[in-house]
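Given next are the chains, with one letter for each unit.
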Amino acid sequence: MHLLDNIRLALSSLWANKLRALLTMLGIIIGIGSVIAIVTVGDSLTGSITDSLQSFGVNNITVSLQKKSDSDSSGTSVRMFGPESPDEEDLITDAMIEEFRQAYPDKISAIALQQSLGSGQVQQEDTTVQVTAMGVNNDYALANDLNLMHGRFIKDDDGERQIAVVSDVFCESVFGSSGASVLGKDFELSVNNKLLKFYVVGIYEYDDDGYVSLSNSDPVTDLYLPMETAIKLSGGSSGYQSFTVVAAAGTDTSAFLTQTKNFFASFYTRNQSYTATASSMESMLEEMTSMMNTVKLAISAIAAISLLVGGIGVMNIMLVSITERTREIGTRKALGAPGIAIRMQFIIEAVVICMIGGLLGVSVGVGLGAVGANLLGYAAKPSLAAIALAVGFSMAIGVFFGYYPANKAAKLDPIEALRYE
Amino acid sequence: MQEPIIDMRGIVKTYNLGMPNELEILHGIDLQVYPGDFMAIVGESGSGKSTLMNIIGALDKPTSGQYTLDGVDVSQAKDKELSVIRNQKIGFVFQTFNLIGRTSALKNVELPMLYAGVPAKQRTERAKKLLEMVNMEARAKHHPNELSGGQKQRVAIARALVNKPALLLADEPTGALDSATSRTVMDIFHRLHESGMTIVLITHSQELAEECSRILTLRDGRFIGERKGAGRSASLG
Ligand SMILES: Nc1ncnc2c1ncn2[C@@H]1O[C@H](COP(=O)(O)OP(=O)(O)OP(=O)(O)O)[C@@H](O)[C@H]1O
Ligand SMILES: [Mg+2]
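Residues numbered from 1 in each chain as written. Chains lettered and ligands numbered in written order. Predicted model: local features only at pLDDT ≥ 70, side-chain atom pairs only at ≥ 80, totals over all residues. Heavy atoms only, no water.

Colleague: Any chance you could explain the overall build of chain B here in plain terms?
Modeller: Broken down by element type, chain B carries eight helices and 10 strands. Structurally, chain B occupies a C-alpha span of about 50 × 45 × 40 Å along its principal axes. By residue count, 52% of the 237 residues in chain B fall in the buried class. Within chain B, counting contacts between residues at least 6 apart in sequence, those at least 24 apart form 69% of the total. Between the centroid of the 29 positive side chains of chain B and the centroid of its 27 negative side chains there is a distance of 8 Å. (Helix = DSSP H or I, 4+ residues; strand = E, 2+ residues; numbered from the N terminus. Buried < 20%, exposed > 50% of the residue type's maximum accessible area, 1.4 Å probe, protein only. Contact = heavy atoms within 4.5 Å. Lys, Arg positive; Asp, Glu negative; His and termini not counted. Charge placed at Lys NZ, Arg CZ, Asp CG, Glu CD.)

Colleague: I keep staring at the overall build of chain A and nothing clicks. Help me out?
Modeller: If you tally the helices and strands in chain A, you get 12 helices and 10 strands. Its C-alpha atoms give chain A a radius of gyration of 32 Å, more than 25% over the compact-globule value 22 Å for 421 residues. Along the three orthogonal principal directions, the C-alpha set of chain A runs to about 100 × 55 × 40 Å. Scored against the burial criterion, the 421 residues of chain A give a buried share of 46%. For chain A, the proportion of contacts with a sequence separation of at least 24, taken over those separated by at least 6, is 78%. (Rg over C-alpha atoms; globule rule 2.2 N^0.38 Å.)

Colleague: Would you explain the nonpolar core in this entry?
Modeller: Where a protein is soluble and globular, its nonpolar side chains tend to be buried together. Counting 42 residues, the largest nonpolar core has A:Ile32, A:Ile36, A:Ile342, A:Phe346, A:Ile353 and A:Val362 as its most contacted members. Within the residue set of this core, elements represented by two or more residues are α1 (3-16), α2 (18-56), α8 (281-324), α10 (339-375) and α11 (384-410) of chain A together with α3 (105-116) of chain B. (Core = buried A, V, L, I, M, F, W, Y, C linked by side-chain atoms within 4.5 Å.)

Colleague: Any chance you could explain α10(A) here in plain terms?
Modeller: Side chains three or four residues apart in an α-helix point the same way, a direct result of the helix having 3.6 residues per turn. Compared with an ideal rise of 1.5 Å per residue, which puts 37 residues at 54 Å, α10(A) spans 53 Å between its outermost C-alpha atoms and is within 8% of the ideal. A:Gly377, located one to two residues past α10(A), shows a positive phi value of around 90 degrees. (Expected span 1.5 Å × (residues − 1).)

Colleague: Just checking my understanding: could you explain the site of ligand 1 for this structure?
Modeller: Lining the immediate environment of ligand 1, one finds 13 residues, of which B:Ser45, B:Lys49, B:Ser50, B:Thr51 and B:His204 sit closest. Around ligand 1 the close residues trace back to chains A and B. A distance of 2.7 Å separates an oxygen atom of ligand 1 from a polar atom in the side chain of B:Ser50. B:His204 is positioned such that a nitrogen or oxygen atom in its side chain is 2.9 Å from an oxygen atom of ligand 1. Contact with the protein chains covers 67% of the free accessible surface of ligand 1, which is 630 Å². For the shell around ligand 1, the element with the most residues is helix α1 (residues 49-56) of chain B, which contributes three residues. Broken down by class, the residue content of the shell around ligand 1 amounts to two nonpolar, seven polar and four charged. (Near = heavy atom within 4 Å. Polar contact = N/O pair within 3.5 Å; in protein donor to acceptor, adjacent residues only side chain to side chain. Areas by Shrake-Rupley, 256 points an atom, 1.4 Å probe, with all protein chains shown as cover. Nonpolar A, V, L, I, M, F, W, Y, C, P; charged D, E, K, R; others polar.)

Colleague: Just checking my understanding: could you explain the sheet that holds strand β5 (residues 72-73) of chain B for this structure?
Modeller: Backbone-to-backbone hydrogen bonds join strands into a sheet, with any given pair of strands oriented parallel or antiparallel. All names here are of chain B. Read across the sheet, four strands follow the order β2-β1-β4-β5 without closing on themselves; strand pairing throughout is antiparallel. Each end of this open sheet is capped by a strand with a single partner; those strands are β2 (23-33) and β5. Sheet strands in contact with α1 are β1 (6-15), β2 and β4 (64-69), and its direction is about 125 degrees off that of β1. (Pairing = 2+ DSSP bridges. Axes fitted to C-alpha atoms, helices over the stretch in contact; angles between N-to-C directions.)

Colleague: Help me out: how do you make sense of the packing of α3(B) against helix α4 (residues 120-133) of chain B in this one?
Modeller: How two helices sit against one another is set out by the angle between their axes and by the gap between those axes. Residues and elements named next belong to chain B. The N-to-C vectors of α3 and α4 enclose an angle of 120 degrees; their axes lie 9 Å apart at closest approach. It follows from the interaxial angle that α3 and α4 lie oblique. Of the two elements, α3 crosses α4, and the hand of that crossing is right-handed. Only Arg123, Thr124, Arg126, Ala127, Lys128, Leu130 and Leu131 of α4 make contact with α3, whose side of the interface consists of Ala105, Leu106, Val109, Glu110, Met113 and Leu114. Classifying every residue of the contact of α3 with α4 by side-chain character gives eight nonpolar, one polar and four charged. (Parallel < 35°, antiparallel > 145°, perpendicular 65-115°, else oblique. Left-handed = near helix turned anticlockwise from the far one by under 90°.)

Colleague: What is the right way to look at the pairing of strand β10 (residues 222-228) of chain B in this model?
Modeller: Remember that side chains alternate between the two faces of the sheet whenever the strand is regular. Strand direction decides the pairing type here: strand β9 (residues 214-219) of chain B and β10(B), joined by six bridges, are antiparallel. Note on β10(B): the bridge partner recorded for B:Thr217 is B:Gly225.

Colleague: In this structure, what is going on with the packing of helix α3 (residues 94-103) of chain A against helix α7 (residues 253-265) of chain A? I would like to understand it.
Modeller: All names here are of chain A. With their axes 11 Å apart at the nearest point, α3 and α7 run at an angle of 140 degrees to one another. Taken together, the axes of α3 and α7 lie oblique to each other. Crossing of α3 against α7: the hand is right-handed. Every residue of α7 that contacts α3 at Met96, Ile97, Glu99, Phe100 and Ala103 is listed here: Phe256, Thr260, Phe263 and Phe264. Residue composition of the contact of α3 with α7, by class: seven nonpolar, one polar and one charged.

Colleague: Is there a simple way to explain the confidence of the model for chain A in this structure?
Modeller: Any segment with low pLDDT has predicted coordinates that should not be analysed in fine detail. On average, residues of chain A score 85 in pLDDT, and 91% of them reach the 70 mark or higher. Note that residues 71-83 of chain A has pLDDT below 50 and, in this model, nine contacts with residues that lie over four places away or in other chains. (pLDDT = per-residue confidence, 0-100.)

Colleague: What should I look at first to understand the confidence of the model for chain B in this one?
Modeller: Averaged over every residue, the pLDDT of chain B is 94; the share at 70 or more is 99%. For this predicted complex, the interface confidence comes out at an ipTM of 0.95, alongside a pTM of 0.72.

Colleague: For this particular structure, what's the right way to read the pairing of strand β3 (residues 127-136) of chain A?
Modeller: Residue and element names in this part refer to chain A. As judged from the 10 bridges shared by strand β2 (residues 108-124) and β3, these two strands associate in the antiparallel manner. Within β3, the position partnered with Gln114 by the bridge is Val136. Connecting β2 to the antiparallel partner β3 that follows it, the hairpin turn spans two residues, and Glu125 within it adopts a positive phi of roughly 50 degrees. Pairing geometry for β3 and strand β8 (residues 221-226), over six bridges, is parallel. Across the sheet, the residue bridging to Val131 is Thr221, located in β8.

Colleague: I keep staring at the environment of B:Glu44 and nothing clicks. Help me out?
Modeller: All names here are of chain B. Relative to the elements of secondary structure, Glu44 occurs in the loop between β3 (38-42) and α1. Sequence separation between Glu44 and Asp220 is 176 residues, and the spatial gap between their C-alpha atoms is 8.6 Å. Discounting chain neighbours no more than four positions away, the residues touching Glu44 are Lys49, His204, Leu218 and Arg219.

Structure below.
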């Protein structure tokens, strides 16, 4: 008996009991669907993060203040985000950074400092353009891989000058152009309840980093000011909650990460509330991946249970179907069907149920996964390998759970089957 | 003398062997059917006609006795060999037609060839030819639930003949049909008989039995007599 005939037969017998077939498939659909959905979201997430890691640079180490936990004063992995922010004396000072620079002159390529001012508004005729204003040093551009289109970046000796480096997107909104002609033009920035005039000295290219914007409005871009200007605007507090070190090429980043961490932590041994810690994109990605894998494992366990239940459902419906078709089986045997042909017929029927369930599950999963990835702001990347594996696995379930009923059918006594009412 | 197609010696069939409700149904049947015979088996209900027919058709094995079908020893055959015998040597026609639902008359007729491994194109050609023979070609695409009883039985006869069996077995093929449709079915059997087919027919109808060439009467699992039938002329009178 040929495969195609068996498949056609299976499809027609499923079609005759559409609702029953669909209900039977439900477990498979849910199982496969949830796995594909979570894998799609997970892959999109890690894919986008890997992309931005590459653009951000694998040599970057971020040093930041971390609140010491009450129970564990060495304060490693347990992070406590207290409601209060660090006092000025807790912040990392320029002196510490200078000392660090002296200690590892060969390993440091750049140290990017930033002093965030929060969101600012630029009023232009009847529209308001939102920006994220921050004071930066010259190394910031290197650490963040900024692509300067026109003019120059902020320099360390710009002092308290009222100049700014803005994005091309910003220029388009405010000046209607992002060409070199914008250089030297001024705008009024309102930040921290102050309104100040700034001159554009540089324009950088805005990089959306693979994020998908859900709204049609322009993205809020960064606006860079000289560090001292920013400190003055923020109310005079100097010092940093975090900054980025770019390790020199050829440096063992993970070893340097530990050295950096220990170096800065040593300043905080007697501080009651804060310590300094260091992390790299790599270490963050590892953390992220391991978290993702935990989630995948948990979902896979749920999916496995659902597939098991689905498989038992398929077995059950196959047993029902075989009982209903006892006379048909008897007739086939009387016409000379060998046991193996009957067995094949019903295994293929079970496989077809499971495969259709698997394909439906894949479509549901890809759909949900795409919605999930978009909600998180990433482009969906459905994994073809996972889809092929899911469909293959559901077919294997069909073979596994279809075998027993099919074998039962194959072993029916032809006379008894023909006499069955 | 010609070799018999069916050669049965001392066939005994016992149900529930070794159990308290053990029941011997056939008590040593001797039967020879020769090529070209059109034989009727008659007898009252429960006499064991269907039991005997199932053994002839290799659907069931005798408890003891010797059975050779077209030179093959059926009493010794394994399940797999039995299915080949049923597929190649025997055509079955049932009282209740037993067409496979949800599939067309044509596909039903193709079924025995499917199990014989005949290629698709040849299958369809031959199935169409057989449907033509029973005058059912116009309904080839119809499903069994769209056919009348007589039409179903004609499709079933086409299906039984499609693998060119040595033997056509019919267990009360007209039992579920009215007399006019029974006539059509009987006429098909006569045509087959005239073209040389060997047929064994079980019937409760005295008139239909008279149309056969040999009539055997079974009572309580034993043959109690054989006589010659009038042949087709009985139906024309
Ligand atoms: N599987 C079985 N187990 C026990 N007894 C059986 C079985 N099959 C048939 N019998 C018995 O064997 C006897 C003969 O049955 P069979 O079907 O051969 O009769 P029949 O001559 O074909 O009757 P009818 O004309 O009504 O079809 C009956 O008494 C029946 O009860
Ligand atoms: Mg009977």
